[in-house]
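So the chains spell out like this:
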Amino acid sequence: MTETGFPSGWYPLLRTRDLGAGSVVRHLSGAPIELARSSAGAASGRCPKSGQSRCVTEQAGWIFAALGHPETDEPVETELCAGPNRQLHLEGYVCARVSDVAENILDTTHTSVVHQDYLRRPGDRRCVEAQISSGDGWIAASYPPGAAPGGWGARLLGAHQYTITDTFRAPAIAEVTYARNGETAFAARFRLTPAKPGETYVAATLCVPGTGLWAGLKLAALHLFFRRIFSEDRAILELIGANRPAHGPAPLVFAPQDVLRPGIDAILSGRTPRAPAPRVLLKV
């Protein structure tokens with residue numbers, strides 16, 4: 001853990017293409033970092049107040065900065081889809097805590113309430129069994145095809161046919177994978193950066209297998225859907241942040257659907273996550 005209370009690691013600050021000839025100031029755990037490029041084109045970072053250099057690197061379309069003492073010299077970037085694929089980067093800020101944003105991304109059960117019609121048909125809820133697993137620095141929930149969204153937008157993308165796996169891993173990475181017969185049909189990685197107190201920077205990478213026309217059309221449709229989803233979820237998350245002070249020191253209570261939240265909180269606080277139970281029956 002670092003002095004700021006977040007796990008040591010590499011956190012994205014902005015897209016690589018957005019750092020040009022001029023400098024850009026971004027925040028990491030409340031501290032400003034001025035990013036610029038050298039005459040050779042390499043990214044560098046420094047504290048604009050003290051002038052002290054900060055460790056930054058570029059990878060997979062993002063510029064990362066180190067917080068604390070990362071275990072690796074650069075971000076660990078595993079494959080989202082094996083083989084040829086198309087990827088899309090999205091980014092944005094949410095006035096909410098990292099833990100709340102992570103839970104929202106990985107909460108498959110909220111689609112029937114929040115994203116009706118195009119992700120879930122109204123009233124089309126069903127019982128599904130989530131399988132929970134965890135290890136050092138990660139926790140995951142896997143849902144059968146019956147849990148996948150069934151609205152018109154989701155069916156257009158074939159989402160109702162796939163097994164969903166939601167994973168959170170250190171330092172603050174949320175991943176969603178849709179797969180059938182062991183083959184990935186869609187994957188998304190959300191790297192979450194604590195920018196300022198109560199504000200999270202979301203660096204998302206969407207990935208679909210293939211490089212042809214169909215893959216391009218599918219990625220374009222996902223782009224539209226995710227922007228709509230982000231907008232709706234941002235509104236909810238920011239209301240949570242505004243509502244929390246009204247309850248003072250009241251303890252955080254986990255609902256049965258919050259299968260990953262205890263593990264998310266454990267990872268963010270430097271503890272080993274524990275699966276609440278290997279299987280949880282939910283209505284989604």
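The notes below deal with the structure included here. (Residues numbered from 1 in each chain as written. Predicted model: local features only at pLDDT ≥ 70, side-chain atom pairs only at ≥ 80, totals over all residues. Heavy atoms only, no water.)

### Section: the overall build of the protein chain
For step 1, the next point in the chain: In terms of regular secondary structure, the protein chain is built from five helices and 15 strands.
For step 2, the next point in the chain: When each of the 284 residues of the protein chain is scored for burial, the buried share is 47%.
For step 3, the next point in the chain: Long-range contacts, defined here as pairs at least 24 residues apart, represent 62% of the contacts in the protein chain between residues at least 6 apart. (Helix = DSSP H or I, 4+ residues; strand = E, 2+ residues; numbered from the N terminus. Buried < 20%, exposed > 50% of the residue type's maximum accessible area, 1.4 Å probe, protein only. Contact = heavy atoms within 4.5 Å.)

### Section: the nonpolar core
For step 1, the next point in the chain: Among the nonpolar cores identified, the biggest contains 61 residues, and Tyr143, Phe168, Phe190 and Leu206 are the most heavily contacted of them.
For step 2, the next point in the chain: The residues contacting Phe190, other than those within four sequence positions of it, are Ile105, Ala172, Ile173, Ala174, Val176, Val202, Ala203, Ala204, Phe226 and Phe230. (Core = buried A, V, L, I, M, F, W, Y, C linked by side-chain atoms within 4.5 Å.)

### Examining the pattern of salt bridges
For step 1, the next point in the chain: Applying the stated rule across the entire model yields 13 salt bridges.
For step 2, the next point in the chain: One salt bridge in this structure joins Arg189 and Glu175, with 2.6 Å as the shortest N-O distance. Here the residue Arg189 occupies a position in strand 13 (residues 183–194), and Glu175 occupies one in strand 12 (residues 173–180), the gap between them amounting to 14 residues. Side by side, Arg189 and Glu175 carry an identical accessibility label, which is buried.
For step 3, the next point in the chain: Taking the shortest distance from any N to any O, the salt bridge between Arg228 and Glu232 comes out at 3.1 Å. Of this pair, Arg228 and Glu232 are both found in helix 4 (residues 213–243), four residues apart, which corresponds to roughly one turn of the helix.
For step 4, the next point in the chain: Looking at Arg228, the relative accessible area reads 46%, which means it is partly exposed.
For step 5, the next point in the chain: Connected through shared salt-bridge partners, Glu77, Arg169, Glu175, Arg189 and Arg191 make up one network. (Salt bridge = Lys/Arg side-chain N within 4 Å of Asp/Glu carboxyl O.)

### Quick notes on unusual backbone geometry
For step 1, the next point in the chain: With an omega of 0°, the peptide bond running from Ala170 to Pro171 counts as cis.
For step 2, the next point in the chain: In this fold, Pro171 is placed in the loop between strand 11 (163–169) and strand 12.
For step 3, the next point in the chain: Of note in the backbone geometry, Ser29 takes a positive phi value of approximately 55° without being a glycine.
For step 4, the next point in the chain: Residue position: Ser29 is located in the loop between strand 2 (24–28) and strand 3 (31–37).

### Overview of the sheet that holds strand 14 (residues 200–209)
For step 1, the next point in the chain: What the eight strands build is an open sheet, ordered 8-14-13-12-11-10-9-15; its pairing is antiparallel. Looking at the sheet topology across the chains shown, the edges are occupied by strand 8 (85–94) and strand 15 (279–283). The sheet shows a mean angle of 20° between the axes of neighbouring strands, direction not considered.
For step 2, the next point in the chain: Relative to strand 12, strand 11 runs antiparallel, the two being bridged by seven bridges. Paired with Phe168 across the bridge in strand 12 is Ala174.
For step 3, the next point in the chain: Seen against the sheet, helix 4 touches strand 8, strand 13 and strand 14 and runs at an angle of roughly 15° to strand 8. (Pairing = 2+ DSSP bridges. Axes fitted to C-alpha atoms, helices over the stretch in contact; angles between N-to-C directions.)

### As for the sheet that holds strand 2
For step 1, the next point in the chain: Strand order in the open sheet made by the four strands is 2-3-4-5, with antiparallel pairing throughout. Either end of the sheet is taken by a strand with one partner, and the two such strands are strand 2 and strand 5 (53–54).
For step 2, the next point in the chain: Both strand 4 (residues 43–46) and strand 5 contribute to a ladder of two bridges, which runs antiparallel. Directly across from Gly45, in strand 5, lies its bridge partner Arg54.

### A few points about a nonpolar patch on the surface
For step 1, the next point in the chain: On the surface, Leu213, Trp214 and Leu217 cluster together into a nonpolar patch covering about 400 Å² of accessible area.
For step 2, the next point in the chain: Counting through the fold element by element, Leu217 comes out in helix 4. (Patch = residues over 30% accessible without salt bridge, like charges linked within 9 Å, V, L, I, M, F, W, Y side chains within 5 Å. Areas by Shrake-Rupley, 256 points an atom, 1.4 Å probe, with all protein chains shown as cover.)

### Some words on the environment of Ala215
For step 1, the next point in the chain: Counting through the fold element by element, Ala215 comes out in helix 4.
For step 2, the next point in the chain: For Ala215, a relative accessible area of 6% translates into the label buried.
For step 3, the next point in the chain: A C-alpha to C-alpha distance of 9.7 Å links Ala215 and Gln87, two positions 128 residues apart in sequence.
For step 4, the next point in the chain: Beyond its immediate stretch of four places on either side in the chain, Ala215 contacts Arg86, Val208, Pro209 and Gly210.

### Some points on empty space enclosed by the protein
For step 1, the next point in the chain: Summed over all chains, the structure comprises one cavity of 30 Å³ or more.
For step 2, the next point in the chain: For the largest cavity, the full set of lining residues is Glu103, Leu106, Asp107, Tyr143, Gln257, Asp258, Val259, Leu260, Arg261 and Ile264.
For step 3, the next point in the chain: Considered class by class, the residues forming the lining of the largest cavity number five nonpolar, one polar and four charged. (1 Å grid on protein atoms, 1.4 Å probe; cavity = no way out; pocket = protein on both sides within 12 Å on 5 of 7 lines; lining within 4 Å. Points joined across faces, edges and corners; volume = space filled by probe spheres on them. Nonpolar A, V, L, I, M, F, W, Y, C, P; charged D, E, K, R; others polar.)

### Regarding helix 5 (residues 261–268)
For step 1, the next point in the chain: In terms of residue burial, helix 5 counts as a mostly covered element, since seven of its eight residues are buried.
For step 2, the next point in the chain: Listed in full, the buried residues belonging to helix 5 are Arg261, Gly263, Ile264, Asp265, Ala266, Ile267 and Leu268.
For step 3, the next point in the chain: Where helix 5 is buried, its residues touch helix 1 (98–105), strand 10 (138–143) and strand 11.
For step 4, the next point in the chain: Trailing helix 5 by a residue or two, Gly270 shows a phi angle of about 85°, which is positive.

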